[in-house]
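These are the residues of each chain, in order.
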2 protein chains.
Amino acid sequence: MRSVALPSRVVRAARTNARAFSSRSIIPDEPVKPQVHTDAVPGPKSLAISKDIDQIQDARTHVLVADYEKSSGNYLVDADNNVLLDVFGQISSIALGYNVPQLIELAKSKEFITAALNRPALGSFPPKDWAKWLEEGLLTVRPKGLDHLVTTLCGSSANETAFKAACMAYRNRERGGAAFTQEELDSCMLNHAPGSPELVVLSFKSGFHGRLFGSLSATRSKAIHKIDVPAFDWPVAPFPNTQYPLAENEAANKAEEAKCLAEYEEILIQHKKTRPVAAVIIEPILSEGGDCHASPEYFRQLRLIAKKHGAFFIVDEVQTGVGATGKFWAHEKWGLKEGEEPDFVTFSKKMQQAGIFHKLETRPNAPYRNYNTWMGDPMRTLQAREIIKVIRDNNLVEHTAVTGKKLAATLEDIFSRNQGVVSNHRGQDDGTFQAFDFETPAKRDAFVAKMRANGIQVGGCGDRSTRLRPTLTFGDAHLAILAEAIEKTLKQI
Amino acid sequence: MRSVALPSRVVRAARTNARAFSSRSIIPDEPVKPQVHTDAVPGPKSLAISKDIDQIQDARTHVLVADYEKSSGNYLVDADNNVLLDVFGQISSIALGYNVPQLIELAKSKEFITAALNRPALGSFPPKDWAKWLEEGLLTVRPKGLDHLVTTLCGSSANETAFKAACMAYRNRERGGAAFTQEELDSCMLNHAPGSPELVVLSFKSGFHGRLFGSLSATRSKAIHKIDVPAFDWPVAPFPNTQYPLAENEAANKAEEAKCLAEYEEILIQHKKTRPVAAVIIEPILSEGGDCHASPEYFRQLRLIAKKHGAFFIVDEVQTGVGATGKFWAHEKWGLKEGEEPDFVTFSKKMQQAGIFHKLETRPNAPYRNYNTWMGDPMRTLQAREIIKVIRDNNLVEHTAVTGKKLAATLEDIFSRNQGVVSNHRGQDDGTFQAFDFETPAKRDAFVAKMRANGIQVGGCGDRSTRLRPTLTFGDAHLAILAEAIEKTLKQI
């Protein structure tokens, strides 16, 4: 592919990046560009393998079949030997890239092999270095004010672990710390109140919090995620219908946010009388539901209003967490003061080890209440420790913030030449966590497919949005290739 | 420790084991006996480490802190360097033992390292060898009639994946395969019927199916597992209050089972009018709830009655699966005829890769319905493949059946000399998956603690039961040590 000149704003932004970073310092063998050999991606080998898999396990959702041994850094190689620049990262779950040498070294260590092969019942027989692994890893990135954690296996179970902790703490507060009554102990065995309380979790329109029965009840992304699955009668609050670009729509967005906040508070008040809201859950950017943004002040108000009405506040950073927004946690931008911290921050995906950060006050009042067999996975905790180390040693959060600015300027430049095709570019202040819309779902799907044929794996979200979720090692060279492909693809669809 | 003479029945049973097996053929470096250096287990180092961990993560449930690098085969080494014979196996989740050399070799392979470090979004970007890995591993042990699978991350999510598939298939059948209505699509976004249907999952008293919101609604083990967590109003059917030994109580147990089956069918009938039962879930041996047994014919009737009333039938083999009962799947003993197979069999724990086996007819009618980011973990699938290979190459299921007979005879011999202390010995025909009761929870707890001081890690279940969950490599030498410790401990409590 020929190289493209970056717009002048990008060049200016690049100059501000004093410590230039190249992904090659972390992944020396990374390919230099995409290579597509087949007419379309997936190619014939991918399609044949998917057909084989489909005899055993549903393959209708396959995008392509990957060759992970050959993949490297920001480049995903598929079964047809196509080399794709991956800015989707396994649905936003790859932090640094494929086959990062420092992680491969970790995987060869006795510590890692021991952890991988001897998965413990972590709540009962933890490994002797468990505290050390947390202190050197997960705890170094704990959100301010949240000094405790529970590890889990995935984002859905992280959110449900937070829901459980919130409900337990809520009832404990209602009981004034008193012991369970016999009626509570008996009725919960029948799934009836008061033992199984009529508490609810409030979530927001277009929010996504997982696919298990509790998390799915809080998920409000798409009907296909929810239909036919029994759900708790939990309330949904409106999320602001934000207009982009933010700078040009400040007044309208502020009014919209005020309206939504009022509706949200009204739900909290109304439910207090019947089925109180034990927890409010929100993503800092509603990702799966279409990369929906709102102002820091809106989120701060959400938190304060939840507190006012006694609901615990859960920030779901499963997709937004671990640096891609230019902060380690996206909610760092909300300007929460001391005492205003979330009650829970949940994480998974890029962190590999899932879990919740929380305050001591939401630790259940008795053991074995928020417990299960595995409770996380030490090998994933070691992986998280190493990922965090690479991020810290290479200033990758700052790098992503800088790269995000360049990406924003580049995309604005391209989109200014393609008005009417692409709209609602957003996330300009959120590192590389950016998105934009097409006129219709069909046009978005065509763009994603054609981008793949042009050597780039991007993702969709919402009905007609494309989301960019590159790794934290995505840099100038990748950006130039991405920009050229977008420019080319927009002309083709 | 001195060796004990095995009772004559054990010796007879051993003679029938034509292909004598020693765990040393799989784990050459396994210790020869327990070694306890501290006055009690947990010792001072374990306690100090737990205290450190408790500053970060709830440590009240810790039994001991382990040194997994030093652990080997059936022996768990703790932070104080105590060597314990482990017949609990991380809550029944260790198939072969600690640090099994063949698995360590696997962990060093490029295939495993690649899988461990590049966890894919399996439903969208599967690895090219995925079908092969399944065909060589999980599929070779698929229950008869269930040729399809969905991989998940844990037992709870396996069960909830089955619940979701059952509800989707149930509604699809009700709709006669027609498309979703607009009302369904709209109402599910509000968690309301008809889109979020009033379907229920029926489970049984003392059943355990997990700790997330759907699986916990089906769990009926202990109040401490359920209290304060909102639950679906799902029905619970009685499980037979079986009298032991089975041979002496045949008539009474048969009558009890008939009574329970009638109540169960009545629940199915009553619910059909209001909130139909989409799925029935049961464990072949209700493990967490106290190792509750019933006859094969009882389980066969459960299945047939579910079918009669249109409910899908889920067998939860999370704890019973993978050989410990002397069959690969415990439900193989039910004598189900062709066409009577369960609709779903769920698995996790010893298999390391969790998931569900199912029939094609319960694959959702559209993609992305029973989908999530990770959908299982290829490195755990590789681990499962290797575990299955070791089991197959060493006839470990048959070995466990034979060892179980010896264990049963040995325990009966010991208990006959300790009548009044131990009762309800059960599982004599279920490999090493055996249990027995004490008079009170306190006496059971004292037994488990004292056994640990005597060098053996056993587990509790139910209110006053002890469960044995040794690995599949547990053999004659371990049995002799276990027998001696039980004999000694019973005299001490």
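Fair warning: this is a prediction, and the values are worked out from it, not measured in the lab. (Residues numbered from 1 in each chain as written. Chains lettered and ligands numbered in written order. Predicted model: local features only at pLDDT ≥ 70, side-chain atom pairs only at ≥ 80, totals over all residues. Heavy atoms only, no water.)

Draft legend 1. Layout of the relation of the copies chain A and chain B. Expressed as a screw operation, the relation of chain A to chain B combines 0.0 Å of axial shift with a rotation of 180°, fitting to an RMSD of 0.0 Å. Viewed as a symmetry operation, the transformation between the two copies matches a two-fold axis. Of every C-alpha in chain A, the one belonging to A:Phe213 sits nearest the axis of rotation, 2.9 Å from it. Looking at the interface residues of chain A, 100% of them are also at the interface in chain B, so both copies use one shared face. (Least-squares fit on C-alpha atoms with pLDDT ≥ 70 in both. Contact = heavy atoms within 4.5 Å.)

Draft legend 2. Fine view of the sheet that holds strand β12 (residues 456-457) of chain B. All names here are of chain B. Read across the open sheet, the three strands follow the order β1-β2-β12; overall the sheet is mixed. Of all strands in the sheet, those bounded by a partner on one side alone are β1 (75-77) and β12. One ladder, built from two bridges, connects strand β2 (residues 83-86) with β12; its direction is parallel. Across the sheet, Asp86 pairs through a bridge with Gln457, a residue of β12. (Pairing = 2+ DSSP bridges. Helix = DSSP H or I, 4+ residues; strand = E, 2+ residues; numbered from the N terminus.)

Draft legend 3. The arrangement of the environment of B:His331 in detail. Mapping B:His331 onto the fold places it in the loop between β7 (312-316) and β8 (344-347). With sequence-adjacent residues up to four places away left out, B:His331 is seen in contact with B:Pro143, B:Pro284, B:Val315, B:Glu317, B:Leu336, B:Pro342 and B:Val345.

Draft legend 4. The interface of chain A and chain B, seen in detail. At the junction of the two partners, chain A supplies 123 residues and chain B supplies 123 residues. Across the chain A to chain B interface the summed buried area is about 11,000 Å²; carbon plus sulfur atoms make up 60%. Area buried by chain A at its contact with chain B is led by A:Ile56, A:Phe125 and A:Asp228, which between them contribute 8% of it. Summed over the shared surface of chain A and chain B, the number is 10 salt bridges. A salt bridge links B:Asp228 to A:Arg175; the shortest N-O distance between them is 2.5 Å. (Buried area = accessible area lost by both parts, 1.4 Å probe. Salt bridge = Lys/Arg side-chain N within 4 Å of Asp/Glu carboxyl O.)

Draft legend 5. Local environment of the domain arrangement of chain A. Residues and elements named next belong to chain A. Taken domain by domain, chain A comprises domain 1 (8-102 + 399-492) and domain 2 (120-376). Put simply, the middle of domain 1 and the middle of domain 2, counted by C-alpha atoms, are 30 Å apart. At the junction of the two partners, domain 1 supplies 25 residues and domain 2 supplies 20 residues. Summed over both partners, the interface of domain 1 with domain 2 comes to about 1,800 Å²; 51% of that surface belongs to carbon and sulfur atoms. (Domains from an automatic or database assignment.)

Draft legend 6. Spotlight on unusual backbone geometry. All names here are of chain B. A cis amide bond, omega 5°, links Ala193 with the succeeding residue Pro194. When you line up the elements, Pro194 lands in the loop between α8 (182-188) and β4 (200-204). Here Tyr244 and Pro245 are connected by a cis peptide whose omega angle stands at -5°. A positive phi angle, near 65°, is found at Ser92, a position not held by glycine. Mapped onto the elements, Ser92 comes out in helix α3 (residues 89-92). Even without a glycine there, the phi angle at Met375 is positive, about 50°. Along the polypeptide, Met375 turns up in the loop between β9 (354-358) and α13 (378-393). In this structure Met375 comes out as buried when scored by relative accessible area, which is 10%. (Buried < 20%, exposed > 50% of the residue type's maximum accessible area, 1.4 Å probe, protein only.)

Draft legend 7. Spotlight on the state of the cysteines. Residues and elements named next belong to chain A. Considering all chains together, one arrives at zero disulfides over all chains under this definition. Just so you know, Cys260 is unpaired, no disulfide at all, and the nearest cysteine sulfur is the one on Cys292, 11 Å from it. Overall, the relative accessible area of 2% leaves Cys260 in the buried class. (Disulfide = S-S within 2.5 Å.)

Draft legend 8. Quick peek at the pairing of strand β9 (residues 354-358) of chain A. Residues and elements named next belong to chain A. Burial runs high along β9: five of the five residues are buried. Covered by surrounding structure in β9 are Ala354, Ile356 and His358 together with Gly355 and Phe357, the residues of both alternating faces. With four bridges connecting them, strand β8 (residues 344-347) and β9 associate as antiparallel partners. Note on β9: the bridge partner recorded for Phe344 is His358.

Draft legend 9. Looking closely at the sheet that holds strand β5 (residues 236-237) of chain B. Judged by pairing direction, the sheet is mixed, and its seven strands sit side by side in the order β3-β9-β8-β7-β6-β4-β5 (chain B) without closing on themselves. Of all strands in the sheet, those with a lone pairing partner are β3 (148-152) and β5 of chain B, marking the two edges.

Draft legend 10. Main features of the confidence of the model for chain A. Averaged over all residues, the pLDDT of chain A is 95; the fraction at 70 or higher stands at 96%. Confidence over residues 1-6 of chain A falls short of pLDDT 50; this stretch has 10 contacts with residues more than four positions distant or in other chains. (pLDDT = per-residue confidence, 0-100.)

Draft legend 11. Structural view of the pattern of salt bridges. Per the counting criterion, the structure on display carries 74 salt bridges over all chains. Between B:Asp377 and A:Arg380 there is a salt bridge, and its shortest N-O distance comes to 2.7 Å. Of this pair, B:Asp377 sits in the loop between β9 and α13 while A:Arg380 is found in helix α13 (residues 378-393), placing the two residues in two different chains. Side by side, B:Asp377 and A:Arg380 carry an identical accessibility label, which is buried. The salt bridge partner of B:Asp393 is B:Lys389, with a shortest N-O separation of 2.9 Å. With B:Asp393 and B:Lys389 both in helix α13 and four residues apart, the pair spans about one turn of that helix. Members of the salt-bridge network, linked through shared partners, are A:Arg171, A:Glu174, A:Arg175, A:Glu184, A:Arg369 and B:Asp228.

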